[in-house]
Amino acid sequence: MSLPGPWYLGLAAALFGIGAIGLLIRRNVLIMFMCIELMLNAANLTFVTFARMLHDIGGQAVVFFVLVVAAAEVVVGLGIVVAIFRRRASATADDFHILKG
Amino acid sequence: MLHVAFLMPLLPLIGFVVLVPLGKRLGDPLAGWVGTAAVTGSFVAACVTFAGLQARPEAARQFTQTFFSWIGVGGLQVKAALVIDPLSMTMCLFVTGVSALIHLYSIGYMKGDREYTKFFIYLNLFVFSMLVLVLANNLLVTFVGWEGVGLCSYWLVAFWHERDSAASAGKKAFIYNRIGDAGFLVAMFLIFSKTGTLDYASVFAHRAALGGGGATAAGLLLLLAAAGKSAQIPLFNWLPDAMEGPTPVSALIHAATMVTAGVYLLCRVHPILALSPDGRWVIAGIGLATALVAATIACAQQDIKKVLAFSTVSQIGYMVLAVGTGAYVAAIFLMVAHAFYKGLLFLGAGSVIHSLHDEQDLKRMGGLARWLPWTFATFLVGWLAIAGVPPLAGFWSKGDVLANVYAKSPALWAVGLLTALLTAYYMSRLFFLAFTGDARWQQAVPQHPALAEPHESPWVMRLPLVVLSVLALLGGLLGLPWVHSFGLTGWLGPMFGPDLFTSHLSRGALVSLDVADGVVAVVGLSVAWRLWRRRADQPALEPAFLQRVWYWDDFYDAAIGRPGEALARFSATVIDTRVIDGAVNGVATLVRSVGSRVRRVQSGYVRNYALGIALGLAAIIAFIVSRTWWS
């Protein structure tokens, strides 16, 4: 019934690629956030896959940490996004380049 | 009874500690009395210790009192300890005794001074430091006292620091002393590196490890230290300037005690000097040259205190000469006698200055014998003592030195005798100018108004004068040449070894040497009597060469002062602005130009950063993959 491991790895790679490309080409901050989440979860999927393939619970344990850190990061990131929205009614990342050197 | 030795330095320290917070409240004159009491107590403790030491048999006259271990680092073990032996005991007795008298004198002399308490604070601290210097049982603790007296000397020379000349005289004294201190430090390093200890007794026990060259080097470095502290060539110039300090300071520090510390140090390390005949010749040469040069200068000075200052330099030159010839007992004898009569002369000069409302110019004195009978009588004793007229202290002590010098080298003796002639001459000149002839202070000249009638000093100032004049009169008893059983020879002799006496001079030679000394003194005195009794104005006898101290200061100014100033100016204008500022500014410019280029990377666009991360990641992966494939 279960698919072999490499399929999952392929899926994870595809998800990661979609996330990375999306992060690079999209300007909308919320979309970029979702792309980051996509990449994180692709990494999680890889961890879980390897945990099952190698019969090592360690990989699954790491996923918990990643989830927690990702949640925390989302909270901070969304907080920043909301703060920016209050000041100006757009969510385009390029508008915020006043922090340039 | 020896166990009260610690009270000698402790009591002046207590005086100091009490006066620092309470001095202002005690005020004038109570603070002075407290300071005097502390030092007098110290003198009593010294007498008790002396009695205890004398009660012991000759061979056992050494006693060490250890308080605590001060430094213990590996091989370096330094204890805070006092050593009582005939040498340090002799020093302590006359240091505390003369100090007590001068403290008493200062109560009168400093009366009404704004910084009255501060004066006694410094003076008590000085006596403490001097006793630490004298009593220390190792080189490092001696050095602590050595620095302490130097510091107090600086404070007291610059006591009236509102005057520019006093402030710079203080600095001059300090800097000249520092040069000598450097010699002391290097000598300590050398001795420690060779013998592994700084304790006098152990150093002397291991002195063979120094070797001949090491002993000469150590001896000469200690001579440099002594030259700084005791104002010998080439570092003597500070002492005349130090006369800017109050006169009791000149008497105590710059005549009786501190300036003899160098001679004491050389006597203390005599076992090291014994290893180095060459070094001893250098010491003798320096001492004799200083004695002669300073005596010639003293013949032409106008300021009463400067004459006495150069006379002090000259007399210490005699002491150093005695050390160089190996006549340590004679050096100490002259030191003690000198403390009596030079202290007396300075205090007498102070009394004269006091009575004439701070007039120090000999050409504005004269005829004071009638107005200041006490000062006149005591000064007379001091004058005859230093001139070497028998049977006063100066005759015997100087005669002892000269006899030893004759035994070593008649040529040196001849120069020494010439110096004795000059000594008798310039001291008589001073005496006649101050106390006989016309009362020139009555004549008003353009810069100076006529002075009011001089007044004799109060009893607190007269009493020390009387006591010191008695000591100057009878001080010769300490070392009569044909008596070896009592006096300093019997007391100190065992410390320095029997081979140092002039025992190979015959009785007849000794007597003729003494007669020569006496004749020379009388000749110098009568020459001055002919020349200076009536006339005060004789430019031919006061050449500029002597008045300007052989152009010695001008030489230092030209050789060291001006090049140093030019170097400083060069550093300020060229090195500082171009090299140092250039380096700093260059770094700043470099950082800024690099930054202005690199800042473009920081574009502010999130996608640029993301692209950077992605490319970096790709590069890392490519690197890992390539490593895996090609390994």
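Residues numbered from 1 in each chain as written. Chains lettered and ligands numbered in written order. Predicted model: local features only at pLDDT ≥ 70, side-chain atom pairs only at ≥ 80, totals over all residues.

A. The overall build of chain A, seen in detail. Helix and strand content of chain A: 3 helices and 0 strands. For chain A, the C-alpha radius of gyration of 17 Å lies well beyond 13 Å, the compact-globule estimate for 101 residues. The dimensions of chain A, computed from C-alpha atoms along their principal axes, are 50 × 30 × 25 Å. In chain A, which comprises 101 residues, the share counted as buried stands at 11%. The contacts of chain A with a sequence gap of at least 6 include a subset with a gap of at least 24, amounting to 46%. (Helix = DSSP H or I, 4+ residues; strand = E, 2+ residues; numbered from the N terminus. Rg over C-alpha atoms; globule rule 2.2 N^0.38 Å. Buried ≥ 20, exposed ≤ 12 C-beta atoms within 10 Å, placed from the backbone. Contact = placed C-beta atoms within 7 Å.)

B. Structural view of the packing of helix 1 (residues 7–55) of chain B against helix 3 (residues 116–135) of chain B. Residues and elements named next belong to chain B. It is the contact of helix 1 with helix 3, at a shortest axis distance of 9 Å, that shows an interaxial angle of 170°. Viewed along their axes, helix 1 and helix 3 adopt a mutual orientation that is roughly antiparallel. Partitioning the contact of helix 1 with helix 3 into residue classes produces 21 nonpolar, 7 polar and 2 charged. (Axes fitted to C-alpha atoms, helices over the stretch in contact; angles between N-to-C directions. Parallel < 35°, antiparallel > 145°, perpendicular 65-115°, else oblique. Nonpolar A, V, L, I, M, F, W, Y, C, P; charged D, E, K, R; others polar.)

C. Structural view of the environment of Phe570(B). All names here are of chain B. Mapped onto the secondary structure, Phe-570 falls in helix 22 (residues 552–598). By the C-beta count within 10 Å, which is 11 here, Phe-570 ends up exposed. With 378 residues separating them in the primary sequence, Phe-570 and Phe-192 have C-alpha atoms 40 Å apart.

D. Here's a closer look at the pairing of strand 1 (residues 63–73) of chain B. Residue and element names in this part refer to chain B. The buried fraction of strand 1 amounts to 0 of the 11 residues, a small share that puts the element mostly on the outside. In terms of strand pairing, strand 1 meets strand 2 (residues 76–84) through 9 bridges, oriented antiparallel. Paired with Phe-68 across the strands is Ala-80, a residue of strand 2. What sits between strand 1 and strand 2 in their antiparallel hairpin is a turn of 2 residues, with Gly-74 showing a positive phi close to 55°. (Pairing = 2+ DSSP bridges.)

E. Spatial organisation of the interface of chain A and chain B. With 10 residues of chain A at the interface, the matching set in chain B holds 10 residues. Here the side of chain A that touches chain B is composed, by residue class, of 6 nonpolar, 2 polar and 2 charged.

F. Representation of the packing of helix 2 (residues 86–109) of chain B against helix 3 of chain B within the structure. Residues and elements named next belong to chain B. Between helix 2 and helix 3, whose axes approach to 10 Å, the crossing angle comes to 175°. Judged on the interaxial angle alone, helix 3 and helix 2 are roughly antiparallel. In this structure, helix 2 uses Ser-88, Met-91, Cys-92, Val-95, Ser-99, His-103 and Ser-106 to contact helix 3, whose residues at the interface are Phe-119, Leu-123, Val-127, Met-130, Leu-131, Val-134 and Leu-135.

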